[in-house]
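Structural features, examined
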Amino acid sequence: MAVMATISASALTFTVDGIQYTTITNSQVKVTGGTRNYIYIGPTVTYNGTTYDIWCIDDGAFKNSTTAQYLEIDSEGFAYIGEQAFMGCTNLKQIKFTKVAPDCQFSIEKEAFSGCNNSELTSVAFPENGMYMLGSYAFNNCTSLTAITIPRSVTTIETTAFSYTKMKIYGVSGTYAETFATDNGYTFISKEVNATAVS
C-alpha cells in the first residue's frame, strides 16, 4: 500500500493507494484527487493508524484526469460528488453506485461529470433511496450516455443536467423521474428501480 502525506496548518493531506485525501474534521476526509484508473470509494480510509470516514469527492478533484476510467461509490456515509469533480475525464468508462448515504442525503453537484464523453459510458444507474439531487450540467456533453436510471428518492434534477435529448430515462411511474422526463422531452421507460445497472 502506497502512502504519503503533506501537513498544513489547517488540514492533513495524504495519499493511499493512488487516491489523495484531505481531512475536514478529526474523523472525516474528502477525496481531493488521485492517479488511479479504478477509483473505489469505500466507507473509510486508514492513514498512520487513524481511520477516517470518507465524506465526499471534492470540487474539481479529478478534473481533466486522463487516468480515471472507473468510479465506484460503496459507502453509506458518502454525501456528494462535488462540482466539476470529474469534468473532462474523457477516459471515464463506468460510474457505479453500490451504496451511498441513506435517507435521500446524496447529491451530484454542478458539472460533476460534464464532458465525460467516452464511448463506453452509455448508462448510469443511481442508487435507490439514497439520492435526492442532480445539479445543473451534471452530465452535460456526455455524448454516449443514452440511458439513466433514476430512483424514486430523487426530487430535484436541474433542467440542464443532461444535454442529449435522445436519452432514455428509466424510473418508477408516478415519481419525479417520469415528471422530469415528460417536462424535458426525454423518453420515459417505467420499471422498478432497485439495482445498480440498467437491464
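Refer to the structure above for everything that follows.
Now for a quick tour of the structure. (Residues numbered from 1 in each chain as written. Predicted model: local features only at pLDDT ≥ 70, side-chain atom pairs only at ≥ 80, totals over all residues. Heavy atoms only, no water.)

Let's talk about the sheet that holds strand 8 (residues 70-74)
Sheet architecture is open: three strands sit in the order 5-8-10, paired in parallel fashion. Strands at the two margins of the open sheet, each flanked by one partner only, are strand 5 (38-41) and strand 10 (94-99). For this sheet, the mean inter-axis angle between neighbouring strands, taken without regard to orientation, is 10 degrees. Examined bridge by bridge, strand 5 and strand 8 share four bridges and lie parallel to one another. Counterpart to Tyr40 in the pairing with strand 8 is Glu72. (Pairing = 2+ DSSP bridges. Helix = DSSP H or I, 4+ residues; strand = E, 2+ residues; numbered from the N terminus. Axes fitted to C-alpha atoms, helices over the stretch in contact; angles between N-to-C directions.)

Side note on the pattern of salt bridges
Tallying each qualifying case throughout the model produces two salt bridges. The residue Glu120 makes a salt bridge to Lys93 at a minimum N-O spacing of 3.9 Å. Of the two residues, Glu120 sits in the loop between strand 11 (106-108) and strand 12 (123-125) while Lys93 sits in the loop between strand 9 (80-81) and strand 10, which places them 27 residues apart along the sequence. Residue Lys93 is classed as partly exposed on the basis of its relative accessible area, which comes to 23%. (Salt bridge = Lys/Arg side-chain N within 4 Å of Asp/Glu carboxyl O. Buried < 20%, exposed > 50% of the residue type's maximum accessible area, 1.4 Å probe, protein only.)

Regarding the state of the cysteines
For the structure on display, the rule yields zero disulfides. Unpaired in terms of disulfides, Cys89 finds its nearest cysteine sulfur in Cys116, a separation of 5.1 Å. Accessibility expressed as a relative area gives 0% for Cys89, which makes it buried. With no disulfide of its own, Cys116 has Cys142 as its nearest cysteine by sulfur position, at a separation of 5.1 Å. (Disulfide = S-S within 2.5 Å.)

Topic: the packing of aromatic side chains
In this structure the tally under the stated criterion is 16 aromatic pairs. Judged by centre distance (5.0 Å) and plane angle (10 degrees), the ring pair of Phe62 and Phe86 falls under stacked. Separated by 24 residues along the polypeptide, Phe62 in the loop between strand 7 (50-57) and strand 8 and Phe86 in the loop between strand 9 and strand 10 bring together distant segments of the chain. In terms of burial, Phe62 and Phe86 fall into one category: buried. With centroids separated by 5.8 Å and ring planes inclined at 25 degrees, the aromatic side chains of Phe139 and Phe162 adopt a geometry described as stacked. Residue Phe139 is located in the loop between strand 13 (131-134) and strand 14 (147-149), and its partner Phe162 is located in the loop between strand 15 (156-157) and strand 16 (168-171); the two are separated by 23 residues in the primary sequence. Classification of Phe139 as buried rests on a relative accessible area of 2%. Put simply, the rings of Phe62, Phe78, Phe86, Phe97, Phe106, Phe113, Phe126, Phe139, Phe162, Tyr176, Phe180 and Tyr186 pair up and form one aromatic cluster. (Phe/Tyr/Trp six-rings, centres within 6.5 Å; stacked < 30°, edge-to-face > 60°.)

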